[in-house]
Amino acid sequence: MRKIWIAGLVLVILGLVLYSILGTQPAQALDEAYLGRLREARRQKDQTLHTAADSPIPDAQRTTFAGLRYFAPEAGFRVTARLVRQPVLLPQPLAMSLGKPENYQRWGTAEFELNGKPQKLTLLQKAGDKQLFVPFTDPTNGEQTYGAGRYIDVPLPPAEANEVELDFNQAYNPYCAYNHQYSCPLPLAENRLTVPVTAGEQTFQP
């Protein structure tokens, strides 16, 4: 019994030493139900891009289209942010990759941390939409991800909510990443994240 107790104590001490060295706890794992939903959503998107008549992928590339590329899902890129609502919805025109600006409204901001560094994103809404639109850029753009940035969509929070979940594992490319004939909203300069977001959709390769 004494040997078991000593072994247990050694394991506890080792755990404390590792924690002090690493300065963090093991990342919480994503549950299988979430991962299953994510895999299915990606499968359906690949199928739509491959077969839909209005797919943004040019016809000549569809025969060789083998699916989009993604980073492996990580729990650390699924964050709960402090929600700050805009007292009054203000107009926010968004520049487009082609053509004139598109009309959105400034709905609020989300404040959170990534890898221990504070971040802030402006949340936008298009009139009549039941979700928030969050275009953003980060240091991976132009290398691992589309150069002009990516998007995430967020369900419209309840009136009493003071937090909102941002899931960067669901970050996706604009249509102009697949076909430059499309015109896509460009992220606001203030929506530049300082931490590389190695989550969600990667650069499209025909």
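Criteria and thresholds
- Residues numbered from 1 in each chain as written.
- Predicted model: local features only at pLDDT ≥ 70, side-chain atom pairs only at ≥ 80, totals over all residues.
- Heavy atoms only, no water.
- Helix = DSSP H or I, 4+ residues; strand = E, 2+ residues; numbered from the N terminus.
- Contact = heavy atoms within 4.5 Å.
- Phe/Tyr/Trp six-rings, centres within 6.5 Å; stacked < 30°, edge-to-face > 60°.
- Buried < 20%, exposed > 50% of the residue type's maximum accessible area, 1.4 Å probe, protein only.
- Lys NZ or Arg CZ within 6 Å of the ring centre and 35° of its normal.
- Core = buried A, V, L, I, M, F, W, Y, C linked by side-chain atoms within 4.5 Å.
- Salt bridge = Lys/Arg side-chain N within 4 Å of Asp/Glu carboxyl O.

If you look the protein up in an unreviewed UniProt entry, it shows as DUF1684 domain-containing protein from Hymenobacter setariae.

Draft legend 1. Representation of the overall build of the protein in the model. Per the secondary structure count, the protein includes three helices and six strands. Along the protein, from the amino end to the carboxyl end, the secondary structure elements read α-α-α-β-β-β-β-β-β. For the protein, the share of sequence-separated contacts (at least 6 apart) that also reach a separation of at least 24 residues comes to 65%.

Draft legend 2. A look at the packing of aromatic side chains. Scanning the model with the defined rule gives nine aromatic pairs in all. Between Tyr178 and Phe204 the ring centres are 5.2 Å apart and the planes differ by 85°, which places this aromatic pair in the edge-to-face class. Here Tyr178 is found in the segment after strand E6 (163-167), whereas its partner Phe204 is found in the segment after E6, with 26 residues between them in sequence. Grouping residues by exposure puts Tyr178 and Phe204 together as buried. Among the aromatic residues, those joined into a ring-pair cluster are Phe65, Tyr175, Tyr178, Tyr182 and Phe204. Directly above the ring of Tyr70 sits Arg42, whose terminal nitrogen or CZ lies 3.9 Å from the centroid.

Draft legend 3. The arrangement of the nonpolar core in detail. Ranked by internal contacts, the top residues of the largest apolar core, which has 23 residues, are Phe112, Leu114, Leu166 and Phe168. The element that contributes the greatest number of residues to this core is strand E2 (residues 102-114), accounting for four residues. Residues in contact with Leu114, not counting those within four places in the same chain, are Gly76, Phe77, Val79, Gln119, Phe168, Leu193, Val195 and Val197.

Draft legend 4. Spotlight on the side chain of Ser55. Of note, Ser55 is situated in the loop between helix H2 (32-51) and helix H3 (59-62). Residue contacts for Ser55: discarding those within four places in its chain leaves Thr48, Leu49, Arg62 and Tyr182.

Draft legend 5. Inspection of the pattern of salt bridges at higher detail. In total, this model carries nine salt bridges according to the counting rule given. Between Glu32 and Arg39 there is a salt bridge; the shortest N-O distance is 2.5 Å. One salt bridge in this structure joins Arg62 and Asp59, with 3.3 Å as the shortest N-O distance. With a gap of three residues between them, Arg62 and Asp59 both fall in helix H3, about one helical turn apart. Classification of Arg62 as buried rests on a relative accessible area of 12%.

Draft legend 6. Quick peek at the side chain of Asn191. Here Asn191 shows up in the segment after E6. Discounting residues that sit within four places of it in the chain, Asn191 has contacts with Leu121, Thr122, Val134, Pro135, Phe136 and Thr137.

Draft legend 7. How the structure looks around the environment of Asp31. On the secondary structure map, Asp31 appears in the loop between helix H1 (2-22) and H2. Accessibility expressed as a relative area gives 42% for Asp31, which makes it partly exposed. Taking the C-alpha atoms as reference points, Asp31 and Ala75, 44 residues apart in sequence, are found 9.3 Å from one another.

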